[in-house]
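The primary structure of each chain is shown beneath.
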Amino acid sequence: MVTNNFPKDFIFGAATASLQIEGGDRNNSWYDWCEAGKIPNGDHCIEANQHWERVEEDINLMKGLHLNGYRFSIEWPRIQPTKDSWDKAAILHYRDEIIQLKQAGIEPMLTLHHFSNPSWFEQQNAWIDKESISLFLAYTEYVVKHLGDLVSHWVTINEPNVYLMMGYFVGIFPPGKEGDIKSYLKGAKHMISAHCQAYTLIHKLQNDIGKKDTQVGAALHLRVFDTYKDKWLSKISQKICYFLFQDLFFNGMLHGKWFGRTLHRGQFFDYLGINYYSRDILKPNIKAFPIFADLTKPADCKVNDLDWEIYPEGLARLIKMYYQKCKLPIHITENGMADSQDKQRKKYIHDHLRAILSCIAEGIPVKGYFHWTLIDNFEWMEGYEARFGLYAHDLETQKRSLRESGKYYAEICKSKRLLPLDS
Ligand code: IFM
């Protein structure tokens, strides 16, 4: 039976990424991308939320929401500014942030890679270069050795599918390549292999210090792909989309597989991290290589400020679909909407949490929900225009203000109960 109560140990969190909130770093691929004038509205990630200087203030925001979890990422270029150097002060900064979080009763979920690369790594062809795997592992080792005693939940790589699709196929993320399917696949193979080896490495290092509660996963951007009027070509597109965009990564990272071949033997997820936002209806288009479809939406559906369909049932569908495939605990590592007027976010949160409760009622171990995002921030190609925050952010004054939907989420986090919309 579906109840309104979440399990006592359920993690209610929010998620962010370093590049999107910290500001101030000039040594990364997104700084270079902004400098090259690639953000259509001219916004620049150098400003962001000045989180680097405002850690304490932002942890207070989290306390205001009654969060007991926070997913965030380490900015690799800060830790390893050049290929041959490490910045001790930077890793200690993160250590201090984690200590403050834990003192506030907030468990960190730490992401090692979330879209941005050190400039030196980008310049050597980033993830397309085979050396990327050993470089990522060296960085992982450094982070785990310095922070591992404080961290139980790890995300190796955030949305490798989006990173590669946008950077090598659509061409709107660095390095801006279009239709380069060969690099997409090469990058995928390297990211999958890096994830599997990082999984093993993190467990080994944590074991060495006697830390037994380590959970390692990745955050996969999963979408629902539905067919258009049951057309035959649409059914083929659906198979291609599920495979190329998600199952290649899901099977690869879970089982160490690459097109049926074993890259690494074993199982490399302790939990499945799902980032869920929307779905696509695949309208046949024979010229649209390699998916042979245009991505469309149902007529008259509700959308967010970025014109993405709001489809809460999709979250339940994906949780069930992927749970069947892996039978592992699940964390919703991201879910949220761009809604500058805060007109729809409250219902969005309600409906997506209701979808999660329906899965829990069926016995699926959904363990946590990390709302994207704590505070309006640098939304990649949209700059500061897309406002996903539970807190609104004023770039001029750096003022943070809790939205109505944030107040609603705070009450849910506090009571661990899904509250009615009129509450
Ligand atoms: O802001 C992004 C995040 O960095 C990755 N997942 C999707 C979010 C919203 O677009």
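All of the points below concern the structure found in this document. Predicted model, so just to flag it, every value in this text is computed and none were measured.

Cut-offs used in this document
Residues numbered from 1 in each chain as written. Predicted model: local features only at pLDDT ≥ 70, side-chain atom pairs only at ≥ 80, totals over all residues. Heavy atoms only, no water. Bend = angle between axes of the 7 residues up to and from the residue. Helix = DSSP H or I, 4+ residues; strand = E, 2+ residues; numbered from the N terminus. Core = buried A, V, L, I, M, F, W, Y, C linked by side-chain atoms within 4.5 Å. Buried < 20%, exposed > 50% of the residue type's maximum accessible area, 1.4 Å probe, protein only. Contact = heavy atoms within 4.5 Å. Near = heavy atom within 4 Å. Polar contact = N/O pair within 3.5 Å; in protein donor to acceptor, adjacent residues only side chain to side chain. Areas by Shrake-Rupley, 256 points an atom, 1.4 Å probe, with all protein chains shown as cover. Nonpolar A, V, L, I, M, F, W, Y, C, P; charged D, E, K, R; others polar. Phe/Tyr/Trp six-rings, centres within 6.5 Å; stacked < 30°, edge-to-face > 60°. Lys NZ or Arg CZ within 6 Å of the ring centre and 35° of its normal. Pairing = 2+ DSSP bridges. Salt bridge = Lys/Arg side-chain N within 4 Å of Asp/Glu carboxyl O.

Of all the bends in helix H10 (residues 232-255), the greatest, near 50°, is centred on Asp247. Two residues or fewer past H10, Gly256 is found with a positive phi of approximately 70°.

As a further point, take the nonpolar core. Residues Trp30, Trp127, Ile319 and Ile356 are the most contacted members of the largest nonpolar core, which totals 128 residues. In terms of residues, this core owes the most to one element, helix H9 (residues 181-208), which gives 11 residues. Ile11, Val155, Trp372 and Ala386 belong to the second largest nonpolar core, which has 13 residues in total.

Its place among the elements puts Pro329 in the loop between helix H11 (312-326) and strand E10 (330-334). A relative accessible area of 25% places Pro329 in the partly exposed class. Taking the C-alpha atoms as reference, Pro329 lies 27 Å from His146; in sequence the two are 183 residues apart. Apart from residues no more than four positions distant in its own chain, Pro329 is found in contact with Asp270, Tyr271, Leu272, Pro365 and Lys367.

In the vicinity of the ligand, the contacting residues are Gln20, His114, Phe115, Asn158, Glu159, Tyr277, Trp308, Glu334, Trp372, Glu379, Trp380 and Phe388. Contact distances for the ligand include 2.8 Å between an oxygen atom and a side-chain N or O atom of His114. Glu334 is positioned such that a nitrogen or oxygen atom in its side chain is 2.5 Å from a nitrogen atom of the ligand. Protein contacts shield 96% of the accessible area of the ligand, which totals 280 Å² for the unbound molecule. Across the shell around the ligand, the residue classes break down as 6 nonpolar, 3 polar and 3 charged.

Counted under the stated rule, the structure contains 36 aromatic pairs. Lying over the aromatic face of Trp52, Arg78 brings its terminal NZ or CZ to 3.8 Å of the ring centre. The ring of Tyr322 is capped by Lys325, whose NZ or CZ atom sits 5.0 Å from the centre of that ring.

Among the 7 residues that make up strand E3 (residues 107-113), 6 are buried, leaving the element largely enclosed by the rest of the structure. Inspection of the sheet shows strand E2 (residues 69-73) paired to E3 by 5 bridges, in the parallel sense. Considered in E3, the bridge of Tyr70 is made with Pro108. Judged from the 4 bridges that link them, E3 and strand E4 (residues 153-158) form a sheet pairing that is parallel. Bridge assignment links Met109 to a residue of E4, and that residue is His153.

In this section: the pattern of salt bridges. Summed over all chains, the structure comprises 23 salt bridges. For Arg71, the salt bridge goes to Glu334, with nearest N and O atoms at 3.1 Å. Here the residue Arg71 occupies a position in strand E2, and Glu334 occupies one in strand E10, the gap between them amounting to 263 residues. Each member of the pair, Arg71 together with Glu334, is buried. Taking the shortest distance from any N to any O, the salt bridge between Lys320 and Glu362 comes out at 3.1 Å. With a gap of 42 residues between them, Lys320 in helix H11 and Glu362 in the loop between helix H12 (345-361) and strand E11 (366-372) connect regions that are remote in the sequence. When salt bridges with common partners are traced through the structure, they connect Arg54, Glu57, Asp58 and Arg400 into a single cluster.

Below, the discussion takes up the environment of Cys326. With respect to the helices, strands and loops of the structure, Cys326 is situated in helix H11. The exposure class of Cys326 is buried, given its relative accessible area of 12%. Distance in space between the C-alpha atoms of Cys326 and Asn251 is 9.4 Å, their sequence separation being 75 residues.

This part takes up unusual backbone geometry. The general pattern is negative phi for most residues beyond glycine and trans for most peptide bonds. A cis geometry characterises the amide bond from Phe289 onward to Pro290, with omega recorded as 0°. The residue after Trp372, namely Thr373, is reached through a cis peptide bond having omega 20°. On the secondary structure map, Thr373 appears in the loop between E11 and strand E12 (391-393). Here the phi dihedral of Asp307 falls at roughly 70°; this positive angle occurs in a residue that is not glycine. In this fold, Asp307 is placed in the loop between strand E9 (293-296) and H11.

So, to be careful, I would describe these as geometric facts and stop short of saying anything about function.
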